[in-house]
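Coordinate inspection notes
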Amino acid sequence: SATVPRFAERWFSHCAKVFMAAPQLSLKGRALRYLSMREHSRLELGRKLARHAEEGDDVEALLDFLEKNNWLSTERFSESLVHRRAARYGNSRIVAELQSHGVGGEALQELKAGLVEGETARACEVWRRKFGTVALDPQERNKQMRFLMQRGFSQRAVYAALRGVEPDADEE
């Protein structure tokens, strides 16, 4: 049988002690840990915390407390999600994801209006990174079109990107 080096034995022993002695986080501590990693929507954070809630824990009251102290913010979450997704996805995909996280109403309308402005430029950039050359045959053109449509770009943005023309060059 293979022998384990002495330093590895000590390391595994140390890790076991550290992980076994780690105290359980309170619901508030867990929420703050999640929020320290990235922004979360109220709905998403509520779902994550509900898995760890014990009898007597009020998740909704905790979420209200976090919002009152501005630790949980729908506006920050929305801006963060748009910033993370805008370089790769179109408006309809981003809006659908925002809606799935419980963002709606006036905030969603404002985000949609902001996204519309740069969609064609984003579609052209995504197309350029993936393909780079204008399709010569219908099969390749359909492949490129499907690729962009599956990422949530509008037909107008897809057609502009498939022409292979940069948006700035089109305006001159």
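Anyway, here's the lowdown on the structure attached to this text. Only a predicted model underlies this, so the values are computations on that prediction, with no experimental measurement involved. (Residues numbered from 1 in each chain as written. Predicted model: local features only at pLDDT ≥ 70, side-chain atom pairs only at ≥ 80, totals over all residues. Heavy atoms only, no water.)

The next subject is the side chain of S73. Turning to its location among the elements, S73 is positioned in the loop between α4 (59–68) and α5 (74–85). In this structure the side chain of S73 is engaged in a polar contact, spanning 3.2 Å, whose partner is the backbone nitrogen of R76. (Helix = DSSP H or I, 4+ residues; strand = E, 2+ residues; numbered from the N terminus. Polar contact = N/O pair within 3.5 Å; in protein donor to acceptor, adjacent residues only side chain to side chain.)

Glancing now at a negative patch on the surface. Together, E75, E79, E106 and E110 line one region of the surface with negative charge. Residue assignment for the negative patch shows that the elements contributing at least two residues are α5 and α7 (105–117). Structurally, E79 is set in helix α5. Since its relative accessible area comes to 54%, E79 is described here as exposed. (Patch = residues over 30% accessible without salt bridge, like charges linked within 9 Å, V, L, I, M, F, W, Y side chains within 5 Å. Areas by Shrake-Rupley, 256 points an atom, 1.4 Å probe, with all protein chains shown as cover. Salt bridge = Lys/Arg side-chain N within 4 Å of Asp/Glu carboxyl O. Lys, Arg positive; Asp, Glu negative; His and termini not counted. Charge placed at Lys NZ, Arg CZ, Asp CG, Glu CD. Buried < 20%, exposed > 50% of the residue type's maximum accessible area, 1.4 Å probe, protein only.)

Enumeration according to the criterion identifies 7 salt bridges in this entry. Two residues, E44 and R38, come together in a salt bridge whose shortest N-O distance is 2.4 Å. Of the charged contacts, one joins E67 and R42 as a salt bridge, the two residues approaching to 2.7 Å between their closest N and O atoms. Of this pair, E67 sits in helix α4 while R42 sits in helix α3 (residues 42–50), and the two are 25 residues apart along the sequence. Relative accessible area serves as the criterion here: at 31%, E67 is assigned to the partly exposed category. Through salt bridges with shared partners, a single network forms among R42, E60, D64 and E67.

Turning our attention to the packing of helix α8 (residues 119–130) against helix α10 (residues 155–162). For the pair α8 and α10, interaxial distance at closest approach is 8 Å and the crossing angle is 45 degrees. Compared by their axis directions, α8 and α10 come out oblique. Note that α8 runs across α10; the crossing there is right-handed. Contacts between α8 and α10 involve E119, T120, A123, C124 and W127 from the first element and R156, A157, A160, A161 and L162 from the second. Of the residues in the contact of α8 with α10, the class split is 7 nonpolar, 1 polar and 2 charged. (Axes fitted to C-alpha atoms, helices over the stretch in contact; angles between N-to-C directions. Parallel < 35°, antiparallel > 145°, perpendicular 65-115°, else oblique. Left-handed = near helix turned anticlockwise from the far one by under 90°. Contact = heavy atoms within 4.5 Å. Nonpolar A, V, L, I, M, F, W, Y, C, P; charged D, E, K, R; others polar.)

Summed over the entire model, instances satisfying the criterion amount to 2 aromatic pairs. An angle of 75 degrees between the planes, with centres 5.7 Å apart, marks the rings of F65 and W71 as edge-to-face. In this structure W71 comes out as partly exposed when scored by relative accessible area, which is 38%. An angle of 85 degrees between the planes, with centres 5.3 Å apart, marks the rings of F131 and F147 as edge-to-face. You can see F131 sitting in the loop between α8 and α9 (138–150) and its partner F147 sitting in helix α9, a full 16 residues away along the chain. The exposure class assigned to F131 is buried, which follows from its relative accessible area of 18%. A cation over an aromatic ring shows up here: R33 above the ring of Y34, its NZ or CZ 5.7 Å from the ring centre. (Phe/Tyr/Trp six-rings, centres within 6.5 Å; stacked < 30°, edge-to-face > 60°. Lys NZ or Arg CZ within 6 Å of the ring centre and 35° of its normal.)

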